[in-house]
Amino acid sequence: MSQFRLARITLLLAAIGLNFAPGLSQAADKPAAAAEAPKGDTVRQEMFKLIDPAQVKTLMDAKNYAEVLSRINQAEALADKTPYETFVLHRLRIALASVTGDNAMAMASLEAIIDSGNLPVADRGDFIQALANYHYNAKDYPKAITWFMRYQKETGDLNKVRPYIIRAYYFGNDMEKAKQELLSDLRANQQAGKQPAIEELQLLANTGAKTKDKTTYLIALEQLVKFYPTDDYWTDLLSRTQSKDGYSTRFQLDVFRLEYAAVKVMAPEEYTEMAELALLATFPTEAKKVLDAGFAAGVLGTGTQAAKHKKLRDQAAKGAADDQKNIGSGEAGAAKSKDGTGLVNLGYAYVTMDQFDKGIELIQKGIAKGGLKRPDDAKLRLGYSYAMAGRKDDAIKTLETVQGNDGLGDLARYWLLWINRPTGK
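Residues numbered from 1 in each chain as written. Predicted model: local features only at pLDDT ≥ 70, side-chain atom pairs only at ≥ 80, totals over all residues. Heavy atoms only, no water.

(A) Representation of the overall build of the protein within the structure. Helix and strand content of the protein: 23 helices and zero strands. For 425 residues, the compact-globule estimate of 2.2 N^0.38 gives 22 Å, and the C-alpha radius of gyration of the protein, at 34 Å, exceeds that figure by more than 25%. Every one of the 425 residues in the protein was classed for burial, and the buried ones make up 44%. As displayed, the protein has an accessible area near 21,600 Å², and 52% of this comes from carbon and sulfur atoms. (Helix = DSSP H or I, 4+ residues; strand = E, 2+ residues; numbered from the N terminus. Rg over C-alpha atoms; globule rule 2.2 N^0.38 Å. Buried < 20%, exposed > 50% of the residue type's maximum accessible area, 1.4 Å probe, protein only. Areas by Shrake-Rupley, 256 points an atom, 1.4 Å probe, with all protein chains shown as cover.)

(B) Quick peek at the nonpolar core. With 123 residues, the main nonpolar core has Ile51, Phe148, Trp234, Leu258, Leu380, Trp415 and Trp418 as its most contacted residues. Residues in contact with Leu258, not counting those within four places in the same chain, are Trp234, Leu238, Leu411, Tyr414, Trp415 and Trp418. (Core = buried A, V, L, I, M, F, W, Y, C linked by side-chain atoms within 4.5 Å. Contact = heavy atoms within 4.5 Å.)

(C) Highlighting helix α11 (residues 198-210). The end-to-end C-alpha distance of α11 is 18 Å, a good match for the 18 Å that 13 residues give at a rise of 1.5 Å each. Every buried residue of α11 is accounted for by Glu200, Leu201, Leu203, Leu204, Ala205, Thr207 and Gly208. Packing partners of the buried residues in α11 comprise α9 (162-171), α10 (175-192) and α12 (214-227). A positive phi of about 55° marks Lys212, the residue just after α11. (Expected span 1.5 Å × (residues − 1).)

(D) Spotlight on the pattern of salt bridges. Going through the model one piece at a time under the given rule, you end up with 32 salt bridges. Between Lys365 and Glu361 there is a salt bridge, and its shortest N-O distance comes to 3.5 Å. With Lys365 and Glu361 both in helix α20 (residues 356-369) and four residues apart, this pair spans about one turn of that helix. Given a relative accessible area of 46%, Lys365 falls into the partly exposed group. According to the relative accessible area criterion, Glu361 is partly exposed, its value standing at 40%. (Salt bridge = Lys/Arg side-chain N within 4 Å of Asp/Glu carboxyl O.)

(E) Highlighting the environment of Lys392. Note that Lys392 resides in helix α22 (residues 392-399). Along the chain, Lys392 and Gly407 lie 15 residues apart, while their C-alpha atoms are 22 Å from each other. With residues near it in sequence (within four places) discarded, Lys392 still touches Ile419 and Asn420.

(F) Up close: the packing of aromatic side chains. In total, this model carries 13 aromatic pairs according to the counting rule given. Judged by centre distance (6.2 Å) and plane angle (70°), the ring pair of Tyr136 and Phe148 falls under edge-to-face. Of this pair, Tyr136 sits in helix α7 (residues 121-137) while Phe148 sits in helix α8 (residues 141-155), and the two are twelve residues apart along the sequence. There is no split in this pair, since Tyr136 and Phe148 are both buried. Arranged with centres 5.6 Å apart and planes meeting at 90°, the rings of Trp415 and Trp418 form a pair that is edge-to-face. One end of the pair, Trp415, and the other, Trp418, are both in helix α23 (residues 408-419), three residues apart, so they sit about a helical turn from each other. (Phe/Tyr/Trp six-rings, centres within 6.5 Å; stacked < 30°, edge-to-face > 60°.)

(G) Spatial organisation of α9. In terms of burial, α9 is a largely internal element, eight of the ten residues being buried. Of all the positions in α9, only Arg162, Tyr164, Ile165, Ile166, Arg167, Ala168, Tyr169 and Tyr170 are classed as buried.

(H) Summary view of the environment of Ala275. Here Ala275 lies in helix α15 (residues 268-280). Between the C-alpha atoms of Ala275 and Leu253, which are 22 residues apart in sequence, the distance is 9.0 Å. Those residues in contact with Ala275, other than ones at most four positions away along the chain, are Ala287, Val290, Leu291 and Leu312.

(I) Here's a closer look at the packing of α20 against helix α21 (residues 375-389). Running from N to C, α20 and α21 point in directions that differ by 165°, and their axes come no closer than 10 Å. Judged on the interaxial angle alone, α21 and α20 are roughly antiparallel. At the point where α20 passes α21, the crossing takes the left-handed sense. Taking contact as the criterion, the partners of Phe356, Ile360, Ile363, Gln364 and Ile367 in α20 are, on α21, Ala378, Lys379, Leu382, Ser385, Tyr386, Met388 and Ala389. By residue class, the composition of the contact of α20 with α21 is nine nonpolar, two polar and one charged. (Axes fitted to C-alpha atoms, helices over the stretch in contact; angles between N-to-C directions. Parallel < 35°, antiparallel > 145°, perpendicular 65-115°, else oblique. Left-handed = near helix turned anticlockwise from the far one by under 90°. Nonpolar A, V, L, I, M, F, W, Y, C, P; charged D, E, K, R; others polar.)

(J) Up close: the side chain of Asp410. Looking at the element boundaries, Asp410 is found in helix α23. Those residues in contact with Asp410 that lie beyond four places of it in its chain are Thr241, Lys244 and Tyr247.

(K) Here's a closer look at the environment of Ala278. You can see Ala278 is positioned in helix α15. Distance in space between the C-alpha atoms of Ala278 and Glu85 is 82 Å, their sequence separation being 193 residues. Excluding residues within four positions of it along the chain, Ala278 makes contact with Leu253, Phe283, Pro284, Glu286 and Ala287.

(L) The arrangement of unusual backbone geometry in detail. Here Thr282, not a glycine, exhibits a phi torsion of approximately 65°, which is positive. Structurally, the position occupied by Thr282 is in the loop between α15 and α16 (284-296). In this structure, Asp354 takes a positive phi of about 70° despite not being glycine. Secondary-structure assignment places Asp354 in the loop between α19 (341-352) and α20. Judged by its relative accessible area of 44%, Asp354 is partly exposed.

These figures capture arrangement, not role.
Here's what the structure looks like:
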């Protein structure tokens, strides 16, 4: 970020010019007895001799900055300077400060020029922004904010320096203000259908973390997962969501299913825990798939837990083989049951075997039969079964109907984020 800030100042200094005010000229010769202070946009001859542009350029090219400063000081010592002469000297100081790194001199001269009355209106914005950037880089964030806001007021451009204002609040430790402004921008982007910048979302997440505002952190994290998905963002989102108040532990396996779909590689303990939960839920084929993926990724079957991993994999493989042989025999019993629970579970078992059409049909029948303890849980499962089958439109239509404050609504929304993920992610 520091390189970005320095680049901005360099560009601004180039924009405002590192030499003299345009049209610098010397006053005409006059007899000594008739001499008087020059008027208008000219400098007196004795000052011009000190700051003759051709001579100063030669000195600057030779890096004889001490001589340039000496000439500026001699010119400054002349009595009865006109406002324009003072203006020219400040312009020269900015040029000198830009190559010598004298930020204090640059800031003082920039402020003097801005308030001099000699600066063309069209140039004021660049000078104000340059001064604001100097204060920003000097970590004087209150002054930076003042000058950035003045830029907005005088130019009418509310967008160009807004990121700097928000960062000045952030780095100035006014986290609440930074958070409010970032949330405001996020809402505006959402209403306009615009994708927020990743830097803004990361900053919003940081403000949430620093203010211990879990809600704001999750808002930022959801947007990062939506527009800039990575394994780290997905893992963090799912982990933190489970720590929310009122989150039901019955969704632990559902959370793992989403993580398994969303990330490239899970942690070793996540593969084994998901497999164990799948076995407990009587989905051995799902457990085998998960463990096979862990072995293929090279995170299982090595180290001190290698034997345990192999034993669990063998157990899952045996259960999956048995399930493949016997699954058909459970259909009649599930169909005769008083409620649809058996059909929903049997249907998902077929989904884990990649028999999507058959599995989805059974889940649908189970939901239609009714008597389910938690019907929306079954709709969530139907929704992500559609997603696994590649039936995007059906998945979206189903998941959009799933509601709940115990984690159900979050999972449905997160599956939608995954389904609608950016192309190639």
